[in-house]
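Residue-level structure breakdown
Residue strings, one per chain:
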Amino acid sequence: MREGLSKERAREVLDSVAARLRTPEALKAARVDSLAVGHPGIALLFTTLAADGDAEARSVAHAHLAAAIRPAGGLRASGLFGGTAAVAFAARAAATGPDTYRSLLDTVTPRVARAAVERARALRAARAAGTGTPSHLYDAVSGASGLARLLLALDPHGPALRECLEALADLAEPAVTPHGTLPGWWTADGPGAQGPNPDFPRGHLNLGLAHGIPGPLAVLALAHEQGVRVRGHAEAIGRFARWLAGRGDEDGCGPYWPLTVRAEDELSGERPPNPPTRAAWCYGTPGVARALFLAGRALAEKEWCEQAARSMRAVLARPVGSRALEGPGLCHGTGGLLQIAARMAYEMDDAELASQLPVLAGQLVEEREGMHGMEAAGGFGFLEGEAGAALALHTYVEGGMPAEGGGSSDPRLLPWDAALLLG
């Protein structure tokens, strides 16, 4: 077993990353306005450090935000991780009061709302066509789920958020397909690139938090806790959560979820052998567990919370080599697993999970050092790079969660990991 990392050593690593990123010119990214790889994600790191009392961090966050909107041509409206929404998320997270970044947010909020409405209507149109629902229309990264989470902080009572939430809730209604009746988020293609896939001849159902049904479940649960509710809201949470709870499997360590379910297996009710193949945020048990936990918290369904906690303990009980993680980043690396495990440990006061956090933090730092500061991997950015890994270390160091909207005493606050639909 690897030796655990002390919080003092984790803080040293965190501070060294921050020192390298204090100058916006350090970032060389093709998309400077991207939350994944650009300045908005780095701004989240310095906003978080500013809350610790770092006197210069808030001005550094501001400098990164300014660098994100500087290029000619204006911001492009797209999903949460690109352009207008990415800058809006970082600015909203950085706002310390109702007047902070007011002009910027007043400018970009209508653009985010329009993008969200477009996603919601495209999602409804795809459902009505009966040809399958492309995951990029509803997912966390490009689709309605990510934009809805942002609007929950920007304009929680606006019509755009309502339209998004209604479209996501409608996914709970079954879809009549050429193959039979399937869950409403059935995708006609295989996961990833669109087009025929011999491994998924009748399409699939995606279980990744980044690109599958856990994303809509998470944002609907967070909105429900915040008191923002639409028709069929609780019923949709219940259907999604019960479906996920029933698609888990179990090995000697405990419960886990596959990455996808083939349409033919869903139709036949078969559960072919599918050992745990990834333990990341984007795909795998941790993301599913977090969404199921949020659903249980929102609807006071203790059983879902307990299943989520057992599955997280099982993830950490399995051999490290079985997790199929790639580096220290948030998306498909140890950083995402550390952040979810820390969230669950602190919120549930789970001593068993908490005892594993130093080991996970040690793995993250070891992997980062093996990549020479991650330049060869995810660069300096949020989703796969230095900033995201540092934010996960910050959660471990501080021993608590970011101030959050859904389920918190102050819904005006936007935690950095809301971009991952974790809070």
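Residues numbered from 1 in each chain as written. Predicted model: local features only at pLDDT ≥ 70, side-chain atom pairs only at ≥ 80, totals over all residues. Heavy atoms only, no water.

1. A closer look at the environment of His332
- Its place among the elements puts His332 in the loop between helix H12 (302-317) and helix H13 (334-348).
- C-alpha of His332 to C-alpha of Thr96: the two residues are 236 residues apart in sequence and 31 Å apart in space.
- His332 has contacts with Arg278, Ala280, Cys282, Leu325, Glu326 and Glu384, leaving out every residue within four places of it along the chain. (Helix = DSSP H or I, 4+ residues; strand = E, 2+ residues; numbered from the N terminus. Contact = heavy atoms within 4.5 Å.)

2. Thoughts on the side chain of Thr177
- If you trace the backbone, Thr177 turns up in strand E1 (residues 175-177).
- Looking at Thr177, its side chain comes within polar contact range of the main-chain oxygen of Gly180, at 2.6 Å.
- In this structure Thr177 touches Leu182 and Trp186, once residues within four positions along its chain are discounted. (Polar contact = N/O pair within 3.5 Å; in protein donor to acceptor, adjacent residues only side chain to side chain.)

3. Focus: unusual backbone geometry
- Here the phi dihedral of Ala324 falls at roughly 55 degrees; this positive angle occurs in a residue that is not glycine.
- Counting through the fold element by element, Ala324 comes out in the loop between H12 and H13.
- When its relative accessible area of 33% is taken as the criterion, Ala324 is described as partly exposed.
- With a phi angle near 60 degrees, Leu421 is a residue other than glycine that sits in the positive phi range.
- If you trace the backbone, Leu421 turns up in the segment after helix H15 (386-398).
- Note on Leu421: relative accessible area 0%, which makes it buried. (Buried < 20%, exposed > 50% of the residue type's maximum accessible area, 1.4 Å probe, protein only.)

4. Things to note about the packing of aromatic side chains
- A complete count under the given rule lists four aromatic pairs for this structure.
- For the pair Trp185 and Phe240, a centre-to-centre distance of 5.5 Å together with 80 degrees between the ring planes defines the contact as edge-to-face. In this pair, Trp185 is assigned in the loop between strand E2 (180-182) and strand E3 (204-206) and Phe240 in helix H9 (residues 233-246), connecting sequence segments 55 residues apart.
- The class of Phe240 is buried, set by a relative accessible area of 0%.
- Measuring from ring centre to ring centre gives 5.9 Å for Phe382 and Trp416, while their planes differ by 85 degrees; the resulting arrangement is edge-to-face. Of the two residues, Phe382 sits in the loop between helix H14 (351-370) and H15 while Trp416 sits in the segment after H15, which places them 34 residues apart along the sequence. Residues Phe382 and Trp416 agree in their burial class; the two are buried.
- Positioned above the aromatic ring of Tyr396 is the side chain of Lys7, whose terminal nitrogen or guanidinium carbon lies 5.6 Å from the ring centre. (Phe/Tyr/Trp six-rings, centres within 6.5 Å; stacked < 30°, edge-to-face > 60°. Lys NZ or Arg CZ within 6 Å of the ring centre and 35° of its normal.)

5. A few points about helix H7 (residues 159-170)
- For H7, built from 12 residues, the straight-helix expectation of 16 Å at 1.5 Å per residue is met to within 8% by its first-to-last C-alpha distance of 16 Å.
- Taken across its 12 residues, H7 has nine buried, putting it largely inside the fold.
- Buried within H7 we find Ala160, Leu161, Glu163, Cys164, Leu165, Glu166, Ala167, Leu168 and Ala169.
- On the buried face of H7, the contacting elements are helix H5 (102-129), helix H6 (144-154), helix H8 (214-225) and H9. (Expected span 1.5 Å × (residues − 1).)

6. Focus on the packing of helix H1 (residues 7-21) against H14
- Running from N to C, H1 and H14 point in directions that differ by 40 degrees, and their axes come no closer than 11 Å. Classified by the angle their axes make, H1 and H14 are oblique. The interaxial crossing formed by H1 with H14 has left-handed handedness. Counted together, Arg9, Val13, Ser16, Val17 and Arg20 of H1 and Val365, Arg368 and Glu369 of H14 form the full contact between these two elements. (Axes fitted to C-alpha atoms, helices over the stretch in contact; angles between N-to-C directions. Parallel < 35°, antiparallel > 145°, perpendicular 65-115°, else oblique. Left-handed = near helix turned anticlockwise from the far one by under 90°.)

7. Thoughts on H6
- Among the 11 residues in H6, 11 count as buried, and that is most of the element.
- For H6, the complete set of buried residues consists of Ala144, Ser145, Gly146, Leu147, Ala148, Arg149, Leu150, Leu151, Leu152, Ala153 and Leu154.
- As for H6, its buried residues are in contact with helix H4 (83-94), H5, H7 and H8.

8. Concerning the nonpolar core
- In terms of nonpolar packing, the biggest core is built from 143 residues, with Leu45, Phe46, Phe81, Trp281 and Phe382 touching the most fellow members.
- With 10 residues, the top contributor of residues to this core is H5.
- In this structure, Phe81 is in contact with Ser34, Leu35, Ala36, Ala86, Ala140, Val141, Phe382, Leu383, Ala419 and Leu420, ignoring residues within four places of it in sequence. (Core = buried A, V, L, I, M, F, W, Y, C linked by side-chain atoms within 4.5 Å.)

9. Looking at the side chain of Arg323
- Tracing the backbone shows Arg323 in the loop between H12 and H13.
- One buried charged residue, Arg323, remains without a salt bridge, the closest side chain of opposite sign being Glu367 at 7.2 Å.
- One polar contact links Arg323 to Gln363, side chain to side chain, over a distance of 3.2 Å.
- Those residues in contact with Arg323 that sit more than four places away from it in its chain are Thr277, Arg278, Ala279, Val315, Leu316, Arg318, Leu337, Leu360 and Gln363. (Lys, Arg positive; Asp, Glu negative; His and termini not counted. Salt bridge = Lys/Arg side-chain N within 4 Å of Asp/Glu carboxyl O.)

10. Quick look at the pattern of salt bridges
- On inspection of all chains with the given rule, the structure shows 29 salt bridges.
- Between Arg121 and Glu163 there is a salt bridge whose closest N-O contact spans 2.7 Å. With a gap of 42 residues between them, Arg121 in helix H5 and Glu163 in helix H7 connect regions that are remote in the sequence.
- Residue Glu163 is classed as buried on the basis of its relative accessible area of 17%.
- A salt bridge links Arg262 to Asp265; the shortest N-O distance between them is 3.1 Å.

11. What to know about the confidence of the model for the protein chain
- Here the protein chain averages 92 in pLDDT, and 93% of its residues register 70 or above.
- Scored below 50 in pLDDT, residues 403-409 makes 23 contacts in the model with residues more than four places away or belonging to other chains. (pLDDT = per-residue confidence, 0-100.)

12. Points about the environment of Ala345
- Looking at the secondary structure, you find Ala345 in helix H13.
- Note: C-alpha distance between Ala345 and Arg58 (287 residues apart in sequence) is 29 Å.
- With sequence-adjacent residues up to four places away left out, Ala345 is seen in contact with Asp350, Leu353, Ala354 and Leu357.

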